[in-house]
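This is what each chain is made of:
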Amino acid sequence: MKRQITGAAVAVALAVPALATATPTIRVEGATSNTVPLTPVPRTSSTVSVDDVTDTDALSVPGRSATAQLSRATLLYGLPLGFDIFNFGGPSSFVTRIGADVMPPSFSPSWRLKVNHAASDAGSDTTILGKNDSVLWSYESDFTAPELDLTLSRETVAGGGRITATVTSYDNAGKA
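## A short note on the sheet that holds strand β11 (residues 118-119)
Strand order in the open sheet made by the 5 strands is β4-β3-β12-β10-β11, with mixed pairing throughout. Edge positions in the sheet fall to β4 (34-40) and β11, since each of these pairs with one other strand and no more. Judged from the 5 bridges that link them, strand β3 (residues 25-29) and strand β12 (residues 134-140) form a sheet pairing that is parallel. Opposite Arg-27, over in β12, you have Leu-136 as the bridge partner. Contacting β3, β4, β10 (110-115) and β12, helix α1 (residues 66-76) crosses the sheet at an angle of about 70° to β3.

Here it is in structure tokens:
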């Protein structure tokens, strides 16, 4: 299970059991809630059509892209997905809405994409995911803020019992 500290510009993750299959996972941290908890979303070799909920924009993206994974995850959870299409030598999407969090005209806050704790240096349409990748979308005003992962020694503890928590901070290069 993953959660964001409300009002902070960092994503905080609670430990989850290791997934048995080699499938990329996605987590979406909204402004005030964990919009999409850690969820495995399989890749597909075909293209995926991504439709904007705010207008008639639509775009086909590689099925193994971060955009395709986000589209499938938002459909799975019944969340609206919004984006604008730009032409940077070909059509590209820019995510403007996930669930209730809509990017304002000032572009701040907006959606940050990290793969394996590292900020993506490409757009989500061209960020191709590997079979074990971990994807985080977070609604941020400060893209330099570290990502904080909180790992618990176990998922449950009886009253009066002990649990160990370890916090790891990741910079945008994915360095702990």
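## A word on the confidence of the model for the protein chain
Looking at the protein chain, pLDDT values average 83 and 88% of them are 70 or higher. Per-residue pLDDT stays below 50 along residues 1-20; that stretch engages in 60 contacts with residues further than four places along the chain or on separate chains.

## Points about the packing of aromatic side chains
Aromatic rings in a pair are described by how distant their centres are and how their planes are angled relative to each other. In the structure shown here, the tally under the stated rule is 2 aromatic pairs. Ring centres 4.9 Å apart and planes at 45° place the aromatic pair Trp-111 and Tyr-139 in the tilted group. Separated by 28 residues along the polypeptide, Trp-111 in strand β10 and Tyr-139 in strand β12 bring together distant segments of the chain.

Reading guide: rules and limits
Residues numbered from 1 in each chain as written. Predicted model: local features only at pLDDT ≥ 70, side-chain atom pairs only at ≥ 80, totals over all residues. Heavy atoms only, no water. Pairing = 2+ DSSP bridges. Helix = DSSP H or I, 4+ residues; strand = E, 2+ residues; numbered from the N terminus. Contact = heavy atoms within 4.5 Å. Axes fitted to C-alpha atoms, helices over the stretch in contact; angles between N-to-C directions. pLDDT = per-residue confidence, 0-100. Phe/Tyr/Trp six-rings, centres within 6.5 Å; stacked < 30°, edge-to-face > 60°.

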